[in-house]
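# Coordinate analysis (summary)
Each chain, letter by letter, is given below.
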Amino acid sequence: MSNSQKLFNDAKKVIPSGVNSPVRYFEPYPFFAKKSNGAYIWDEDKNKYIDFCNGYGALLLGHRRKEILNAVSKQLTQGTLFCTPTESEIELSKLIIRNFPSINKVRLVNTGGEATMTAIRLARGFTKKKKIIKFEGCYHGAHDSVLVKAGSGSAHNGISISDGGLDEVSKNTLVVPYNNSEELEKTITKNKDVAGVIIEPILANMGLILPENNFLSEVRKITKDNGVPLIFDEVVTGFRISPGGAQQHFGIKPDITTLAKALGNGFVIAAVGGKKEIMDLLSPNGKVYQASTYAGNPISVSAAIASIKTINKIKHKLYSKLEQYNAMLTHAISDMATDMKIPHQINFTSSMFQIFFTNKPVIDYKSSKNADAKKFQKMFSTLLKKGVFIAPSQFEVVFLSDAHTQTDLNYTMTAYNAALKSVKN
Ligand SMILES: *Cc1c(COP(=O)(O)O)cnc(C)c1O
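Just so it is clear, the model here is predicted, and its values are computed rather than measured. (Residues numbered from 1 in each chain as written. Predicted model: local features only at pLDDT ≥ 70, side-chain atom pairs only at ≥ 80, totals over all residues. Heavy atoms only, no water.)

The next thing to look at is the domain arrangement of the protein chain. Taken domain by domain, the protein chain comprises domain 1 (1-37) and domain 2 (66-310). Relative placement of domain 1 and domain 2: their C-alpha centres are 30 Å apart. (Domains from an automatic or database assignment.)

Structure below.
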């Protein structure tokens, strides 16, 4: 029995399902990580993996990036938690505001879910309205307002996807299909009680789904025309698509933005920012309540400052390199799948991609669900055996980091070749 298997058996006795976040589980058992560096993770059995999960996108600069470790080590000598303001919080806020011109003020929180929860409460507090519109398949964290799927019928009333989720909450979230601005417009004009629209500008939680031509600008126009605040959930795309996120890339200004994953490059931090008149509603001066003991803690803040500074310093090389590597990898995988006559789609942009085993374009929740997820699981298992770790689900994304080298890519291509062969058989 491998060490990971032994540890998993042990973990199950004290941790529900043996994991601290559901997507970490996969058949027959997850590997247990021991250490990481750059582009690699080593497990408790001394296997080495090239990491393409990369903390679900957080590790844009790779594991244990030197600039970030140096900043955090320095801060460790000064203190880890003060719960009174620090100068470094101002520095980080200014960096975020400089990179994201739609943000006038920003509050630091700990997780992406906390950021979207606060964003939604702000939208409700600002408009004094109740309903939120989300897009089918978008993930915004594990709280009740957004842990909602489309109900049947045309009313778009959401239903909770979790036991313990209240209908009273989920029915106030309306769910419309991604890449369908007509349905958004209909829903907004029919419901006079819409407090906000929340969207992943690039959908990275249904596999990878790109916004079609003009979709985001139409979403912006419809929300503006109807006086409804638009929340861009840039927890994945912030700093990953560009130093100013997807909003910089597409040239669209949302009213509220949430950031997390790559903001801390491996440290726990998130942010909610937006227009001054909305952000100033936060307590204690405003009446929208939000609070957290660890918010803006100096360790995470020092990591985020070093992250943004590093990104800004190397941006001219960083994004073009990631894009070039991603194009090489996805073209190679697509060519191999075509040669093997495996029906597939590959969606890719910037430093993210996903393959779907289907012959129809994947543009929304339904078309993503339609792909053969069993084939994906087979591909995942073979990749893992070959030492290539991607997120263990069709509905996640493959993330490149600055630490990947051409040698890693070449090896990864051969691993995908074997993995695609296993799918074919
Ligand atoms: C991961 C994710 C979240 C939730 O962030 P947590 O830090 O896991 O709470 C929210 N929105 C998007 C788009 C995400 O990918």
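Turning to the site of the ligand, a few remarks are in order. Neighbouring residues of the ligand: T111, G112, G113, Y139, H140, G141, E200, N205, D233, V235, V236 and K261. At 3.2 Å from a nitrogen atom of the ligand is found a main-chain nitrogen or oxygen belonging to Y139. With respect to the ligand, the side chain of N205 contributes an N or O atom lying 3.1 Å from an oxygen atom. Taking 380 Å² as the accessible area of the ligand by itself, protein coverage stands at 80%. The residue inventory of the shell around the ligand, partitioned by class, reads three nonpolar, six polar and three charged. (Near = heavy atom within 4 Å. Polar contact = N/O pair within 3.5 Å; in protein donor to acceptor, adjacent residues only side chain to side chain. Areas by Shrake-Rupley, 256 points an atom, 1.4 Å probe, with all protein chains shown as cover. Nonpolar A, V, L, I, M, F, W, Y, C, P; charged D, E, K, R; others polar.)

Here is a general trend for soluble globular proteins: nonpolar side chains tend to be buried in one another's company. Judged by nonpolar contacts, the single largest core of 66 residues is most densely connected at L92, I96, L263, M379 and I390. Residue contributions to this core peak at 17 residues, all from helix 11 (residues 298-339). Here M379 is in contact with I355, F357, I390, Y416, A419 and V423, once residues within four sequence places are set aside. If you look at the next biggest cluster of nonpolar residues, it comprises 25 residues, including I133, L174, I199 and L216. (Core = buried A, V, L, I, M, F, W, Y, C linked by side-chain atoms within 4.5 Å. Buried < 20%, exposed > 50% of the residue type's maximum accessible area, 1.4 Å probe, protein only. Helix = DSSP H or I, 4+ residues; strand = E, 2+ residues; numbered from the N terminus. Contact = heavy atoms within 4.5 Å.)

Here we take up the packing of aromatic side chains. A complete count under the given rule lists ten aromatic pairs for this structure. On the basis of an interplanar angle of 15° and a centroid distance of 4.2 Å, the ring pair of F31 and Y49 is categorised as stacked. On the criterion of sequence distance, the pair formed by F31 in the loop between helix 1 (3-14) and strand 1 (33-37) and Y49 in strand 3 (residues 48-51) is long-range, its members being 18 residues apart. The class of Y49 is buried, set by a relative accessible area of 6%. Judged by centre distance (6.1 Å) and plane angle (70°), the ring pair of Y40 and W42 falls under edge-to-face. Of the residues examined, W42 reaches a relative accessible area of 23% and is grouped as partly exposed. (Phe/Tyr/Trp six-rings, centres within 6.5 Å; stacked < 30°, edge-to-face > 60°.)

Let's shift gears to the packing of helix 13 (residues 373-385) against helix 14 (residues 406-424). Running from N to C, helix 13 and helix 14 point in directions that differ by 140°, and their axes come no closer than 8 Å. Classified by the angle between their axes, helix 13 and helix 14 sit oblique to one another. In the packing of helix 13 onto helix 14, the handedness of the crossing is right-handed. Taking contact as the criterion, the partners of K375, K378, M379, T382 and L383 in helix 13 are, on helix 14, A415, Y416, A418, A419, S422 and V423. (Axes fitted to C-alpha atoms, helices over the stretch in contact; angles between N-to-C directions. Parallel < 35°, antiparallel > 145°, perpendicular 65-115°, else oblique. Left-handed = near helix turned anticlockwise from the far one by under 90°.)

Moving on, we come to the side chain of T173. Among the structural elements, T173 can be located in strand 8 (residues 173-176). For T173, the side chain forms a polar contact with the main-chain oxygen of S145, separated by 2.6 Å. Once residues lying within four places of it in the same chain are set aside, the contact partners of T173 are I132, K134, S145, V148, H156, N157 and G158.

So, on to the sheet that holds strand 16 (residues 398-399). Spatial ordering of the open sheet is given by 13-14-16, a layout of three strands whose pairing is antiparallel. One side of each edge strand has no neighbouring strand; the edge strands of this open sheet are strand 13 (345-349) and strand 16. Bridge analysis of strand 14 (residues 352-356) against strand 16 gives two bridges, and the strand direction is antiparallel. Across the sheet, M352 pairs through a bridge with F399, a residue of strand 16. Strand contacts of helix 11: strand 13 and strand 14, with the helix running at about 175° to strand 13, the strand carrying the most contacts. (Pairing = 2+ DSSP bridges.)

This next bit is on unusual backbone geometry. Cis rather than trans, the peptide bond between E27 and P28 has omega equal to -10°. Along the chain, the position of P28 falls in the loop between helix 1 and strand 1. The residue after S283, namely P284, is reached through a cis peptide bond having omega 15°. Summarising the element assignment, P284 is placed in the loop between helix 10 (276-279) and helix 11. Of note, N214 is a non-glycine position whose phi angle comes to about 70°, a positive value. In this structure N214 comes out as exposed when scored by relative accessible area, which is 51%.

Turning to the environment of S351, a few remarks are in order. The residue S351 is located in the loop between strand 13 and strand 14 in this model. A relative accessible area of 0% places S351 in the buried class. Along the chain, S351 and K171 lie 180 residues apart, while their C-alpha atoms are 36 Å from each other. Sequence-distant contacts of S351, defined by excluding residues within four places in its chain, comprise L60, R240, L322, N326, V398, F399 and L400.

It is worth spelling out the packing of helix 6 (residues 181-190) against helix 7 (residues 215-225) at this point. Where helix 6 meets helix 7, the closest approach of the two axes is 10 Å, and the angle between their N-to-C directions is 10°. With respect to each other, helix 6 and helix 7 are oriented roughly parallel. Contact residues: helix 6 offers S181, L184, E185 and I188, while helix 7 offers F215, E218, V219, I222 and T223. The class makeup of the residues in the contact of helix 6 with helix 7 is five nonpolar, two polar and two charged.

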